[in-house]
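# Working through the structure, step by step
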Amino acid sequence: MSKKVFIKTYGCQMNVYDSNRMANVLKPHGYEMSESSDDADLVILNTCHIREKAAEKVYSEIGRLKKNKVAKAAEGNDMFIAIAGCVAQAEGAEMMKRAPAVDMVLGPQTYHRLPEMLKEAQAQRDAGRNSSRVMDTEFPVDTKFDHLPEESDFDNPAQFLTIQEGCDKFCAFCVVPYTRGAEYSRSVADVISEAERMAAKGVVEITLLGQNVNAYHGAEEQGEAAGLAALIKAVAAVDGISRIRYTTSHPRDMDDELINVHRDVDACMPYLHLPVQSGSDKILAAMNRQHTREDYFATIDKLRAARPDLALSGDFIVGFPGETDQDFEDTLDLVRRVKYAQAYSFKYSPRPGTPASTIEEQVPEEVKSARLARLQDLLEQHQQEFNDASVGMEMDILLEREGKQAGQLIGRSPYLQAVHVDLQTADIALDADRDTPYSGYMDKLVRVKIVEAGQRSLKGELVGTVPQP
Ligand code: 5AD
Ligand code: SF4
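My aim in this report is to walk through the structure given alongside it, one point at a time. (Residues numbered from 1 in each chain as written. Chains lettered and ligands numbered in written order. Predicted model: local features only at pLDDT ≥ 70, side-chain atom pairs only at ≥ 80, totals over all residues. Heavy atoms only, no water.)

### What about the site of ligand 2?
Basically, it comes down to this: One heavy atom within 4 Å of a molecule or strand makes the whole residue count as near it. Throughout, the ten residues Ala, Val, Leu, Ile, Met, Phe, Trp, Tyr, Cys and Pro are labelled nonpolar, Asp, Glu, Lys and Arg are labelled charged, and all others, Gly among them, are labelled polar.
Near ligand 2, the surroundings consist of C167, K169, F170, C171, F173, C174, V176, P177, H250 and R289. Classifying every residue of the shell around ligand 2 by side-chain character gives seven nonpolar, one polar and two charged.

Quick look at the structure:
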């Protein structure tokens, strides 16, 4: 009999990828995806620990789920609650104690063992327990990638592909080295075969994912380990893949070979997420970022020389312990010089177990809030300016989903801007002949003229089709 699983994903794209993999691991065991936790036999919360209140959010969600679980039990039905991801990795044991409704705790490196864990949980339940207690947050020597079933459904023309996990950088604020463990790179052959399976299902764009993606050093069949530059070239050679992105990069690992890929490889999109976190040398050192602001500017200059239209994105933390008004002004100054096409910014949040959390000079909350508001104003202004400059340009847009209005499809520009494309009456008529609405355009690259710009998205008109790869 088929069962239902509901997976709620918090946090980063790596978790989105992991959630898809978990669904895939469970499929051969009779689990279908459900849109809601109400009718699910198994609920998995794939959690994130990067910023504050992550664990609290998970506890309140568990509280809600517990009601479902009790109601189901009254009808004689089992429901299992599993906590996965980085909160599970960091606080799993405590969670099991504090929330008895939780049946299973699994870390980001052990979700390939979900079917065995479920069996164990079921056995405990059959033996008369209300909740089972199954936990696996090891970092196994053999990697999960060796055990995951091959993904077969790709419902979107743009997909993420994890090539690297973990991080050895130990930025003073960050939990990732603890929750995801040491850096690990998949082999080139493994990555390419996944890319080929994606391409065979119509995937056009791949975003190579890793916590520290440009530190990638995957084994090659012969010779030395390949770096990210070589891997991008190999993925670009896969038939059907015409767009490649990668995220998230560390400025220290942005070597010349990788910079030149932006010049030499057409499929490498002119967009780069290159977090700097702060514009102050003092804070960069305290964060253990291992580079200065001048190093960062030098890297940006080289990148822009290689690819003049490169759109840059970044991450910023305001209110890191010891950050003065002057340090914060240095961050604003860096932002004015780089001019990001878009960026993410956060208030510093002390993470248990990280070195920065024990520094005494913590910045008051209201100072953090005021700085964040100023920084976000500036970043939003730059994003609007970047988008305004797109008006009148023609770009290739990969259409991925339907918009809210009839005849509207939404896709991404090469610079990762969301673009709403209004099909003209003639296009819609053409599409109406097809079995599935929009099938003529959906999942395809089309040529679009940008006619309007907002801060977060653009509007465009269809100019023509693009020869498909
Ligand atoms: N507090 C605030 N922001 C953080 N980030 C990581 N750790 C913290 C923290 N403790 C931000 C960084 C990182 C992004 C993924 O999350 O900017 O690049
Ligand atoms: Fe965290 Fe990124 Fe620093 Fe690694 S490089 S410790 S993932 S912020």
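### Considering the sheet that holds strand β18 (residues 445-453)
The criterion, for reference: Two strands are said to pair when DSSP picks up at least two bridges between them. Comment: elements are numbered from the N terminus, with helices defined as DSSP H or I runs of at least four residues and strands as E runs of at least two. For helices, the fitted line uses only the C-alpha atoms of the stretch in contact; every axis is such a line through C-alpha atoms, and the angle between N-to-C directions lies from 0 to 180 degrees.
Strand order around the closed barrel formed by five strands is β15-β16-β17-β19-β18, with mixed pairing between neighbours. For this sheet, the mean angle separating the axes of adjacent strands, direction not counted, is 55 degrees. Sheet topology places β18 next to strand β19 (residues 457-465); seven bridges connect them, and they run antiparallel. The residue of β19 that forms the bridge with V448 is L462.

### Some thoughts on the environment of V276
Our working rule: Only protein chains enter the accessibility calculation, which uses a 1.4 Å probe; a residue is then buried when its area is under 20% of its type maximum, exposed when over 50%, and partly exposed in between. Whether two residues touch is decided by their heavy atoms; if any such pair falls within 4.5 Å, the residues are in contact.
You can see V276 is positioned in the loop between β12 (271-273) and α9 (281-286). Judged by its relative accessible area of 0%, V276 is buried. A sequence separation of 63 residues divides V276 from V213, and the C-alpha atoms of the two residues are 15 Å apart. Apart from residues lying up to four places away in sequence, V276 is in contact with L284, R289, H291, Y296, D315, F316, L334 and Y340.

### A word on the packing of aromatic side chains
Spelled out, the test is: Classification of ring pairs rests on two measures: the distance between centres of Phe, Tyr or Trp rings, Trp counted by its six-membered ring, which must be within 6.5 Å, and the angle between planes, read as stacked under 30 degrees, edge-to-face over 60 and tilted in between. Cation placement over rings: the criterion is NZ of Lys or CZ of Arg within 6 Å of the ring centroid and within 35° of the ring normal.
Under the counting rule described, the total for this entry stands at five aromatic pairs. Seen in terms of ring centroids, F170 and Y178 are 5.6 Å apart; in terms of plane orientation they differ by 75 degrees. Their pairing is edge-to-face. With relative accessibility at 37%, the residue F170 sits in the partly exposed group. Take Y178: its relative accessible area is 38%, and that puts it in the partly exposed class. Aromatic side chains F386 and Y415 sit 6.0 Å apart centroid to centroid with 80 degrees between the ring planes, which places their arrangement in the edge-to-face category. Within this pair, whereas F386 is found in helix α12 (residues 365-388), its partner Y415 is found in the loop between β16 (408-412) and β17 (418-422), the two being separated by 29 residues in sequence. We classify F386 as partly exposed; its relative accessible area is 24%. On the basis of relative accessible area, Y415 is assigned to the buried category, the value being 11%. One aromatic cluster is present, built from ring pairs that chain together F173, F320 and Y348. Its end group placed over the ring of Y59, R98 keeps NZ or CZ at 3.7 Å from the ring centre.

### Looking at the environment of V70
When you line up the elements, V70 lands in helix α2 (residues 54-74). Between the C-alpha atoms of V70 and A101, which are 31 residues apart in sequence, the distance is 9.3 Å.

### Structural notes on the site of ligand 1
Using the following cut-off: Definition of a polar contact: a pair of N or O atoms within 3.5 Å, with one able to donate and the other able to accept a hydrogen when the atoms are protein atoms, and with sequence-neighbouring residues admitted only if both atoms are side-chain atoms. Accessibility throughout is a Shrake-Rupley quantity obtained with a 1.4 Å probe, and a residue counts as covered only by protein chains that appear here.
Neighbouring ligand 1 are I50, R51, F173, Q277, D315, I317, F346, K347, Y348, S349 and R351. Between an oxygen atom of ligand 1 and a side-chain N or O atom of D315, the distance comes to 2.6 Å. Against a free-state accessible area of 400 Å², the protein chains account for coverage of 87% of ligand 1. Among the elements of the structure, β13 (311-318) and β14 (342-347) are those that each provide at least two residues to the shell around ligand 1.

### Thoughts on the environment of F173
Locating F173 in the fold gives a position in the loop between β8 (164-165) and α5 (176-179). Taking the C-alpha atoms as reference points, F173 and R293, separated by 120 residues in sequence, lie 18 Å from one another. Aside from chain neighbours lying at most four places away, what touches F173 is Q277, M287, R289, I317, F320, Y348, R351, T354 and A356.

### Describing the sheet that holds strand β7 (residues 158-162)
In spatial order, the strands read β7-β10-β11; together these three strands make up an open sheet with parallel pairing. If you trace the sheet from one side to the other, it starts and ends with β7 and β11 (243-247), each paired once. Put simply, the sheet's adjacent strands are angled 25 degrees from each other on average, direction ignored. When strand β10 (residues 205-209) meets β11, the two strands line up parallel, connected through five bridges.

### Observations concerning the pattern of salt bridges
What counts here: Here, a salt bridge means any side-chain nitrogen of Lys or Arg that lies within 4 Å of a carboxyl oxygen of Asp or Glu.
In total, this model carries 31 salt bridges according to the counting rule given. E205 is paired through a salt bridge with R243; the nearest N and O atoms lie 3.1 Å apart. A residue pair is termed long-range when its members are at least 10 positions apart, and E205 in strand β10 and R243 in strand β11 qualify at 38 residues. Both residues of the pair, E205 and R243, count as buried. We note a salt bridge from E394 to R447, for which the minimum N-O separation is 3.4 Å. Within this pair, whereas E394 is found in strand β15 (residues 394-402), its partner R447 is found in strand β18, the two being separated by 53 residues in sequence. By relative accessible area, E394 is classed as partly exposed at 38%. Looking at R447, the relative accessible area reads 29%, which means it is partly exposed. Through salt bridges with shared partners, a single ionic network connects R21, R186, D190 and E194.

Geometric values such as these leave the question of function open.
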